[in-house]
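Per-entry structural report
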Amino acid sequence: MLRGKNTLTTGAVIIMSIFLCAIAQAQETAAHGKEGGGKGYFMLGGNIIDIKSLNSKLESKGYSRFSDNFISFGGGGHGIIGKVIIGGEGHTLIGEETTSGSYKSSIEAGYGFFNVGYLIYTTGVINVYPILGLGGGGMSVKIIEKGTTSFDEVLDNPMDNLKRSVELSTGGLLLNLAFGADYLLKFGGDEKGGGGLVFGLRIGYTFAPAKGDWEMDGIDISGGPDIGITGPYVRLMIGGGGFGKE
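A brief structural summary. (Residues numbered from 1 in each chain as written. Predicted model: local features only at pLDDT ≥ 70, side-chain atom pairs only at ≥ 80, totals over all residues. Heavy atoms only, no water.)

1. A look at the side chain of Asn115
- By the element assignment, Asn115 lies in strand 4 (residues 103-118).
- At 2.6 Å, the side chain of Asn115 forms a polar contact with the side chain of Glu89.
- Within the structure, the side chain of Asn115 is placed 3.4 Å from the side chain of Asn176, a separation counted as a polar contact.
- The contacts of Asn115, once residues within four sequence positions are left out, are Ile85, Ile86, Gly87, Gly88, Glu89, Ile131, Leu132, Gly133 and Asn176. (Helix = DSSP H or I, 4+ residues; strand = E, 2+ residues; numbered from the N terminus. Polar contact = N/O pair within 3.5 Å; in protein donor to acceptor, adjacent residues only side chain to side chain. Contact = heavy atoms within 4.5 Å.)

This is the structure we're talking about:
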C-alpha cells in the first residue's frame, strides 16, 4: 500500500526525471531530425474524488463533511516515438479544511502514474492522444485539536502534545484513463522539427480497482470507509519540448 507522504515523494521524483528526459529527447530529435520528440510540463487543475463513504463516517461521529473538490498540481512529461507516447506524471491533491467544535480537519491525496498513449492526430506542433496509466496513490485525513501551546510546553510534555493530533491514511493501486491535447509554440526550427513552449489540456479519470486498509502511525486501523482515489479531473499544462521528423 502506498501512503500519502510516500506518494508525494515518488511523484516529485517522477516529475523531475520525466521532465529532464523529455527535454533531452526534444533536443536530440530537433537536432537530428528523428521522427519523435519529447515534452515536459507542469500541470494545474481540479480533481473530484468520491469520498461519500468517508463523509458518512465523519458525520456519524460529529465531524463536518469534506467537499469532494480538490485542487490539483503537479507535472510530468512524455517521449514520442513514431505515434507511441511513453511518459509519467505525479500530482498532489489538496482538499478543504473543516472545523467541528474544538477540532480542525484536513484532507489531501497524491498519486503517480506511468503512462502509455497513442497519437490519433498530429501536425507536429499539435498533438491529440488518449492515455492509459498505471500507478499508485494515497489519501490522508488529519484531525487536530484547536488551541495554542508554547514551545516549552511541547518539550515538557511531548507525548501529551502528540495526542492533540491524529493522521489516518490509506492508499493503493490506481488506473489513469485520460484524453490529452497540446500545442507547441515553436522558437526556431523548420517544418521538419523544432522546440519551444508547450501548452495543453488533459481530461481524465482515476480509478482504484482495489482499496487499501487504513493506517495510523504504521498501525492498521479496522472499520474504515472503503474508498480510493476515484473520480474525474481537468488540468492545464505548460512546459517545454520539441519534435523532429525525417
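2. Focus: the pattern of salt bridges
- Scanning the entire structure with this criterion turns up five salt bridges.
- In this structure, Lys52 engages Asp50 in a salt bridge whose closest nitrogen and oxygen atoms are separated by 2.8 Å.
- Classification of Asp50 as partly exposed rests on a relative accessible area of 37%.
- Residue Arg235 is joined to Glu89 by a salt bridge in which the shortest nitrogen-to-oxygen separation is 3.9 Å. Of the two residues, Arg235 is situated in strand 11 (residues 231-244) and Glu89 in strand 3 (residues 84-100); the sequence distance between them amounts to 146 residues.
- Owing to a relative accessible area of 1%, Glu89 belongs among the buried residues under this scheme.
- It is possible to trace a salt-bridge network through shared partners that takes in Glu89, Arg202 and Arg235. (Salt bridge = Lys/Arg side-chain N within 4 Å of Asp/Glu carboxyl O. Buried < 20%, exposed > 50% of the residue type's maximum accessible area, 1.4 Å probe, protein only.)

3. Topic: the packing of aromatic side chains
- Taken as a whole, this structure holds two aromatic pairs when the rule is applied.
- Seen from their ring centres, Tyr111 and Phe113 are 5.0 Å apart, and the 55° between their planes marks the pair as tilted.
- Owing to a relative accessible area of 2%, Phe113 belongs among the buried residues under this scheme.
- Lying across the ring of Tyr233, Arg235 places its NZ or CZ 4.0 Å from the centre. (Phe/Tyr/Trp six-rings, centres within 6.5 Å; stacked < 30°, edge-to-face > 60°. Lys NZ or Arg CZ within 6 Å of the ring centre and 35° of its normal.)

4. A short note on the nonpolar core
- Ranked by size, the top nonpolar core spans 29 residues in total, and within it Ile49, Ile51, Leu54, Met139 and Ile229 carry the most contacts.
- For this core, the secondary-structure elements that each account for two or more residues are strand 1 (36-48), helix 2 (52-60), strand 2 (69-81), strand 3, strand 4, strand 6 (126-145), strand 7 (165-186) and strand 11.
- No other element matches strand 6, which puts five residues into this core. (Core = buried A, V, L, I, M, F, W, Y, C linked by side-chain atoms within 4.5 Å.)

5. Some words on unusual backbone geometry
- For Asp217, which is not a glycine, the phi torsion comes out positive at approximately 55°.
- Take Asp217: its relative accessible area is 68%, and that puts it in the exposed class.

6. Considerations on the environment of Leu201
- Tracing the backbone through its elements, the reader meets Leu201 in strand 8 (residues 193-207).
- When its relative accessible area of 35% is taken as the criterion, Leu201 is described as partly exposed.
- As a C-alpha pair, Leu201 and Tyr183 span 18 residues in sequence and 9.3 Å in three-dimensional space.
- The contacts of Leu201, once residues within four sequence positions are left out, are Phe179, Gly180, Ala181, Val234, Arg235, Leu236 and Met237.

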